[in-house]
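Secondary and tertiary structure notes
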Amino acid sequence: MTWRPTIAALAGLCVALSTASLPAGAALANPPGTPPGVCPTGTGYGPPLPTSSVTATKIQSGFSFLEGPVWVADGGYLLFSDMAAGTGPYNVQPSTIRRFTPPATFDTFLANAGSNGLALSTDAQQIIAATHDQRNVSAYRISDRARSTVATNYQGRAFNSPNDVAVRSDGVAYFTDPTFQRGNRPDQLSGRTSVFRVSGGQVSLVDDRLRQPNGIALSPDGTALYVGAYSENRIYRYAVQPDGSTGARSVFVNYLGGPDGVTIDCAGNVYWASGSDSLIHVYSPTGTPLGTIRSGTSGTTNVAFGGPDRQTLYITSGPRNDSGLYSVRLNVPGYPY
């Protein structure tokens, strides 16, 4: 199946949305980094956490291994991936997209999705998924679950196992490609684990020097791309140009804890899930630690804001075969993935 035109057409709008084309001090209705309609302009925010140490509440556990939450505002529900143990000759992990509708309803949204990290397309009509089953990035149309392809390969070589994805408000997408769900399938990238960009249907390399890149997110103004290098215990920051290309890389945080999934709030604060200590570490846009959020006792994997005002932080956390969904109310609204 070919990539449906929705995302590709919107990707061509990136230059029109660039801050370079605006008068000094002007505000964008949808800043380039922010999913459309998420963050109001001209709003000031205070501290994001009620206290420096917050504990989330368990909603439900007993799942296989949860990842990649994304809030779908039109339906008022949260989607997330549930990955089982590897099967078959290549030891590939099956994955189901499950749905949580507050306050307490869980059901299966899409079986055999093959997904890990999830995001929304710019028109909010498709789920953009890092899909390790086919070693690609896919789009699932929300209305009928039809699957199409966003990124197939890089220069004819299969990806390892796409893990997490971020989509800019103009449709430019970024994703990480570690080896975590590659299983026994052959390595076609000569041992490299990388970050890629998809713009106008074309896949470009952002960086192939990272060891096991994992969570990925954009700043609200679109000028910074954050990537967690899991095997380096480090978070990197890339300068982003108006056309979506990336410039210089710097260390955002020398992080001890194994950075997994991430989300951003409308003030630009960064929320990073840590698998080793089960905490969400919260940082200011300059990398200053602001506090932590605890959920469960092990295996915190990912985060996303949701709810009617997007001030509820949803967290996937817990040991394999008893993974759970948690939530906590915060002071600042944020990204739905």
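1. Side note on the overall build of the protein chain
Tallying secondary structure elements over the protein chain gives one helix and 27 strands in all. The C-alpha radius of gyration of the protein chain comes to 18 Å, within 12% of the 20 Å expected for a compact globule of 337 residues. Split into buried and exposed, the 337 residues of the protein chain put 57% on the buried side. Carbon and sulfur atoms provide 50% of the accessible area of the protein chain, an area that totals close to 12,500 Å². Distance from the positive charge centre (23 side chains) to the negative charge centre (21 side chains) of the protein chain: 4 Å.

2. Observations concerning the state of the cysteines
A full pass over the atoms with the stated rule returns one disulfide. What pairs with Cys39 in a disulfide is Cys266, and their sulfur atoms sit 2.0 Å apart. What sets the handedness of the Cys39 and Cys266 disulfide is the S-S torsion sign, and at about -85 degrees it is left-handed. Remark: Cys266 occurs in the loop between strand 21 (259-264) and strand 22 (270-274) and Cys39 occurs in the loop between helix 1 (5-11) and strand 1 (53-55); sequence separation between them is 227 residues. Note on accessibility: Cys39 and Cys266 belong to one class, buried.

3. So, the side chain of Ser194
With respect to the helices and strands, Ser194 occurs in strand 15 (residues 194-199). Discounting chain neighbours no more than four positions away, the residues touching Ser194 are Phe175, Thr176, Asp177, Leu205, Asp207, Asp208 and Pro213.

4. So, the sheet that holds strand 9 (residues 136-141)
One open sheet accounts for four strands, arranged 7-8-9-10; its pairing is antiparallel. Looking along the sheet, the strands with just one partner apiece sit at the ends: strand 7 (115-120) and strand 10 (147-151). For this sheet, the mean angle separating the axes of adjacent strands, direction not counted, is 30 degrees. In the sheet, strand 7 pairs with strand 8 (residues 126-131) via four bridges, with the strands oriented antiparallel. Bridge pairing links Leu120 to Ile127 in strand 8.

5. Things to note about the nonpolar core
Counting 29 residues, the largest nonpolar core has Leu79, Ile97, Ile127 and Phe175 as the members making the most contacts within it. Among all residues touching Ile127, those that are not within four sequence positions of it are Val70, Val72, Leu79, Leu118, Ala119, Leu120, Ser138, Ala139, Tyr140 and Ile142. Among the nonpolar cores identified, the runner-up in size contains 16 residues, and Tyr226, Val262, Ile264 and Tyr283 belong to it.

6. As for the pairing of strand 17 (residues 213-218)
Among the six residues of strand 17, six are classified as buried, and the element is accordingly described as predominantly covered. The sheet contact formed by strand 17 and strand 18 (residues 224-229) spans four bridges and is antiparallel. Residue pairing across strands places Pro213 opposite Ala229, the latter belonging to strand 18. Between strand 17 and strand 18, which pair antiparallel and follow one another directly, the connecting turn spans five residues, one of which, Gly222, has a positive phi of 75 degrees.

7. Describing the sheet that holds strand 1
Read across the open sheet, the five strands follow the order 1-24-23-22-21; overall the sheet is mixed. Both edges of this open sheet fall to strand 1 and strand 21, since each of them pairs with a single strand only. Between one strand axis and the next, the sheet turns through 25 degrees on average, direction left out of account. As paired elements, strand 22 and strand 23 (residues 279-283) share four bridges and run antiparallel to each other. Residue pairing across strands places Ala273 opposite Ile280, the latter belonging to strand 23.

8. Side note on the side chain of Ser327
By secondary structure assignment, the location of Ser327 is in strand 27 (residues 323-329). The buried category is assigned to Ser327, whose relative accessible area is 19%.

9. Quick notes on the packing of aromatic side chains
All chains considered together, the criterion is met by 15 aromatic pairs. Seen in terms of ring centroids, Phe100 and Tyr314 are 6.1 Å apart; in terms of plane orientation they differ by 70 degrees. Their pairing is edge-to-face. Within this pair, whereas Phe100 is found in strand 5 (residues 95-101), its partner Tyr314 is found in strand 26 (residues 312-317), the two being separated by 214 residues in sequence. You can call Phe100 buried: its relative accessible area is 2%. When its relative accessible area of 5% is taken as the criterion, Tyr314 is described as buried. A centroid spacing of 5.2 Å and a plane angle of 90 degrees characterise the contact between Tyr271 and Phe305, whose relative ring orientation is edge-to-face. With Tyr271 in strand 22 and Phe305 in strand 25 (residues 302-306), this residue pair connects regions lying 34 residues apart in the sequence. Across this residue pair, the class does not change: Tyr271 and Phe305 are buried. Among the aromatic residues, those joined into a ring-pair cluster are Phe63, Trp71, Phe80, Phe100, Phe106 and Tyr314.

Reading the values: the criteria
- Residues numbered from 1 in each chain as written.
- Predicted model: local features only at pLDDT ≥ 70, side-chain atom pairs only at ≥ 80, totals over all residues.
- Heavy atoms only, no water.
- Helix = DSSP H or I, 4+ residues; strand = E, 2+ residues; numbered from the N terminus.
- Rg over C-alpha atoms; globule rule 2.2 N^0.38 Å.
- Buried < 20%, exposed > 50% of the residue type's maximum accessible area, 1.4 Å probe, protein only.
- Areas by Shrake-Rupley, 256 points an atom, 1.4 Å probe, with all protein chains shown as cover.
- Lys, Arg positive; Asp, Glu negative; His and termini not counted.
- Charge placed at Lys NZ, Arg CZ, Asp CG, Glu CD.
- Disulfide = S-S within 2.5 Å.
- Contact = heavy atoms within 4.5 Å.
- Pairing = 2+ DSSP bridges.
- Axes fitted to C-alpha atoms, helices over the stretch in contact; angles between N-to-C directions.
- Core = buried A, V, L, I, M, F, W, Y, C linked by side-chain atoms within 4.5 Å.
- Phe/Tyr/Trp six-rings, centres within 6.5 Å; stacked < 30°, edge-to-face > 60°.

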